[in-house]
Every structure is written in C-alpha cells, then in structure tokens.
Amino acid sequence: MGEDLDVYRKLNMIFNNASSLELGIDIIKRYDIPSPKKRIKSISATGRDGNEYEEDGYDDIEITLDFNFISENPHQAFRRCKRWFNCILDNKLIFLDNPNIFYRVNYAVVTESTRDVGIEFFTVTLNCEPFAYEMEGQEEILINNAAVIYNAGDLESKPIIKIQGEGLITIKINDETIKANV
C-alpha cells in the first residue's frame, strides 16, 4: 500500500510556489507532455524547383491535467484552485515524478468544476514555453578565469552572459570568438 501511495503522490505537482497536495487537489490520471512543434518557413523562388525551408523557432506546448478534490466547502476550494492557477507569481511547473525538470507556464485555462458523489472534478490546460528546463541550469556560474561550459541538453541553448570587471576579454562560443574591452 505504501508503494502505491508513493506512485500516487508522484503524479502531483508544484506550481506557483505551492504543491497540489498542499491545496488538497490531486492529479487523477497520467498526463501527457507533448513535443514542441517546430515552425518551418517555406520559401519559394521563381525559376527554382521545390522550396527552401528555414527553421523559425518552436510553438508553445499545452499540458492538460485532470484534478479532483473533496471539500466541505467545494465552491471556496475551487476558487482557491482557480486563483492558484490564474495569479501566477512563479511560473515554474514541476512534476513530482520528475523533480529535476520544470516547464515555464505562460497562462492557464481552468474548466468548470463538476461534482460526482461528493467529489469535485476539473481540468486545467497549461500553456507553456516549448521546452523543459533543468533545475540545475538556473544557477549563475561565476567564472574568474578560463572555463569550459557544456550544454547537456538536446537542442541549442541560449544562455544569458553577464560580464563584470575591467579589461580585455575573449569569449569563445562554439567556433565564434568575441573580444571586448570591458
């Protein structure tokens, strides 16, 4: 029984600085995480057979979650849930079965609550940025001298580089070298 409870609890999540367990709501079935869809521009040229194609980023993904809860005051509990999803202070969505990864939520759409034998049900669709992010990659890395940093992800990363100090610096990213007098 304890093992079943652990699996059950791992279906829940942390979002907006609170866990679904703290709110007394549970994800009731395994959710799907869609793959981001690549946007492709088609470019046709006069006198050329076929088209050229150019990558143009990725579309957002939508994660749909089904919840239930039991409450003596279901209307108040449901209002609290809607506030949790719609008043976003921290947009990190972390599933407890994969706690080292998070998704960035843009907005949520909450359906109406339905009741069956004293249990309330509702669905939330979370519009998220296209990719999953590693928790470990959110920390600043302080470099005083030469260092090599690797992107362990599957796709090209877009790091934020903040430079402090004085003097001539050289930054090499892949095969490009940038020199600047700071």
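Before any of the text, the structure's been laid out above.
Residues numbered from 1 in each chain as written. Predicted model: local features only at pLDDT ≥ 70, side-chain atom pairs only at ≥ 80, totals over all residues. Heavy atoms only, no water.

### Observations concerning the overall build of the protein chain
Applicable threshold: Here a strand is any run of E in DSSP of at least two residues, a helix any run of H or I of at least four, and the numbering for each starts at the N terminus. The globule rule is 2.2 Å times the number of residues to the power 0.38, and the radius of gyration it is compared with is taken over C-alpha atoms. Using a 1.4 Å probe on the protein chains alone, a residue whose accessible area is under 20% of its type maximum counts as buried, one over 50% counts as exposed, and one in between counts as partly exposed. Two residues form a contact once any of their heavy atoms are found within 4.5 Å. With residues, only the protein chains shown are counted as cover, and all accessible areas are computed by Shrake-Rupley using a 1.4 Å probe. By the counting scheme adopted, Arg and Lys are positive, Glu and Asp are negative, and His together with the chain ends is not counted. Throughout, a charge is located at the NZ atom of Lys, the CZ atom of Arg, the CG atom of Asp or the CD atom of Glu.
Secondary structure assignment for the protein chain yields three helices and 12 strands. In terms of overall dimensions, the protein chain is more spread out than a globule: its C-alpha atoms have a radius of gyration of 22 Å, far above the 16 Å expected for 182 residues. Overall, the protein chain is about 65 × 55 × 35 Å in size when its C-alpha atoms are taken along their principal axes. Out of the 182 residues in the protein chain, the part that is buried amounts to 24%. Counted over contacts in the protein chain with a minimum sequence separation of 6, partners at least 24 positions apart contribute 59%. For the protein chain, the exposed area adds up to about 13,600 Å²; of that, 48% sits on carbon and sulfur atoms. Taking the 20 positively charged and 31 negatively charged side chains of the protein chain as two groups, their mean positions are separated by 4 Å.

### A look at the pairing of strand β6 (residues 61-69)
Heads up, the condition is: Only when DSSP finds a minimum of two bridges between them are two strands counted as paired.
Summarising burial for β6: seven of the nine residues are buried, a large majority. One ladder, built from two bridges, connects strand β3 (residues 26-27) with β6; its direction is antiparallel. Bridged to aspartate 26 within β6 is asparagine 68. For β6 and strand β10 (residues 119-134), the ladder comprises nine bridges, and the chain directions are antiparallel. Its bridge partner being in β10, isoleucine 63 is matched across the sheet by leucine 126.

### Quick word on a positive patch on the surface
Put simply, the test is: Patches here: salt-bridge-free residues with over 30% relative accessible area, like charges joined within 9 Å, nonpolar side chains (Val, Leu, Ile, Met, Phe, Trp, Tyr) joined within 5 Å. The working definition used for a salt bridge is a side-chain nitrogen of Lys or Arg within 4 Å of a carboxyl oxygen of Asp or Glu.
Residues Arg79, Arg80, Lys82 and Arg83 make up a contiguous surface patch of positive charge. Relative to the assigned elements, arginine 80 resides in helix α3 (residues 74-86). The class of arginine 80 is partly exposed, set by a relative accessible area of 38%.

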